[in-house]
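# Observations on the model geometry
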Amino acid sequence: MKPIRTFLLSLLLISSIAAMAQNTSAAAAGAPAPATLVLAGRLLDPRTGNLLSPAAVLIEKGKIKEVGPASRMQDLGGAKVIDLGSATLLPGLIDGHTLDIVRPPDAEAQRHENGIFALGLLLALVESPTKRALLGAQMAREDLESGITTVRNLGHSGIDGDTELRDAIKAGRVSGPRILASGRKLITRGDYVQNLNPALAEPILEQEFLLIDGTDRARQAVRRNAFQNVDVIKVAADEDLTVSELAAVIEEAHRKHLKVAVHAVDKTSIQTAIDAGADSIEHGNEATDAQLKQMRDKGIFLDLTPTSYGGVLRKIAEQIVVISAASRTAYASSAGRSKQQYDQLVERVLKSGVKFAAGSDMCWFYPGKTRGEASTEIFVNLRHAGMPALDVIRAITSNAAEMLGWQDRVGAIEPEKFADLVAVAGDPLADISELERVRFVMKDGQVVRNELGPR
């Protein structure tokens, strides 16, 4: 009996210790988290363009509680103080259009329509899903470290790569920005990838895409993505996509309270997206003045993606593949023409009054740069294209938040919004390239990076 009694007493002791630990944890959980006070030389409000100097932001439980002059909030006993000196505070940056593809060898790219993507997509499809997941986690961390605290991923992560990464970040298992996930991209047959083995085409494509073939299948595609708990629906519009098919997608998505982002570059596809009632048009490079006016009147966002502006695409391609003499000549001859066209697009967008945001469309490995560094370089291209610095910042903060439908959560440093903050050493209104040198990053009130002051 003695061994049994000893065993029972041991169980009782273990149970008591566990109960005490649980009570201690509960008490700790119930205790109010200490407040954090962030001080900076300047704070920019993107929507108004106003600067608060010097500025203070009081943060509690991962949200902004108060914003005001530093003198008014200095005497807060118990608050943890982060003094960023003369730095400029901004809301966390938002990448409204990002994804991931691998650039194929030049010779193969030339053999396919849309070849710059096609082989990279196929390579991604045959890669291990585990490898893709780990790469996604790396890119998420690199985005966050560069000050991108929210991203809208618009495809090329497999069936559930972006939704699972989103959930892992929410659960704290990996570090990264808030993600709005789109799951698989909706396309017409023949878009993006052609000439597949017919016996294997369907299962290969279904890993990455959902096919639109009539209005019924269009609705089914939305439902299949909704089953994976996506946040947004992405459609690639081409000349084969009909207004009725896209309208069916949008109606079904809106019924499920999901916005629809439509990839549309040429005039025909842009008009299809407008007529069907898209929430945002991605790229829109060939939009006419009449189409910009229609978008303005309908409240459709234009999500600008100056990814290849200034020869960025050529620089990337030359570093990772062997470029033929013909391709190099083609890049050079088209660079000036495309720059002029994009400069004109930006000018017309600003004059039109259409709502606009911006995304990196970063879908290449950029040697020598992290994912976040490459993406912020793309944002700065808008300034080179003639957009005022304040409008560039709006495009990746307050405007982008409205496009996502998250204007009540992110995009501004205001009470009740998530405490997502970034800081740069200089003045981004005078030098927009400061966005490429973010020195402080905070997400949910937690410091991710700080090269300016004490943590």
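Quick caveat: nothing in here was measured; it's all calculated off a predicted structure.

## So, the sheet that holds strand β4 (residues 55-60)
Spatially, four strands are ordered β5-β4-β1-β6 in an open sheet, and the strand pairing comes out mixed. Strand pairing shows two members of the sheet lacking a second neighbour, β5 (63-69) and β6 (80-83), which therefore form its edges. Neighbour-to-neighbour, the strand axes of this sheet turn through a mean angle of 20°, independent of strand direction.

## Overview of the sheet that holds strand β19 (residues 440-443)
Across the sheet, six strands lie side by side as β3-β2-β7-β18-β19-β20; this open sheet has mixed pairing. Unpaired on one side and paired on the other, β3 (51-52) and β20 (446-450) mark the two borders of the sheet. Examined bridge by bridge, strand β18 (residues 421-424) and β19 share three bridges and lie antiparallel to one another. Across the sheet, residue Leu421 finds its bridge partner in β19, namely Met442.

## Details of the nonpolar core
Soluble, globular proteins show a tendency: their nonpolar side chains are buried together. By size, the foremost hydrophobic cluster in this structure holds 69 residues, and its most contacted members are Leu186, Ile233, Val235, Leu246, Val249, Val262 and Ile281. Residues within four places of Leu246 in sequence aside, it is in contact with Val235, Leu241, Val262, Thr272, Ala273 and Ala276.

## A short note on empty space enclosed by the protein
Counted by the stated rule, this structure contains one cavity of 30 Å³ or more. As a volume, the largest cavity reaches approximately 40 Å³. Lining the largest cavity are Pro91, Gly92, Thr149, Thr150, Val410, Gly411, Ala412, Phe418 and Asp420. A class-by-class count of the residues in the lining of the largest cavity yields four nonpolar, four polar and one charged.

Quick notes on the rules
- Residues numbered from 1 in each chain as written.
- Predicted model: local features only at pLDDT ≥ 70, side-chain atom pairs only at ≥ 80, totals over all residues.
- Heavy atoms only, no water.
- Pairing = 2+ DSSP bridges.
- Helix = DSSP H or I, 4+ residues; strand = E, 2+ residues; numbered from the N terminus.
- Axes fitted to C-alpha atoms, helices over the stretch in contact; angles between N-to-C directions.
- Core = buried A, V, L, I, M, F, W, Y, C linked by side-chain atoms within 4.5 Å.
- Buried < 20%, exposed > 50% of the residue type's maximum accessible area, 1.4 Å probe, protein only.
- Contact = heavy atoms within 4.5 Å.
- 1 Å grid on protein atoms, 1.4 Å probe; cavity = no way out; pocket = protein on both sides within 12 Å on 5 of 7 lines; lining within 4 Å.
- Points joined across faces, edges and corners; volume = space filled by probe spheres on them.
- Nonpolar A, V, L, I, M, F, W, Y, C, P; charged D, E, K, R; others polar.

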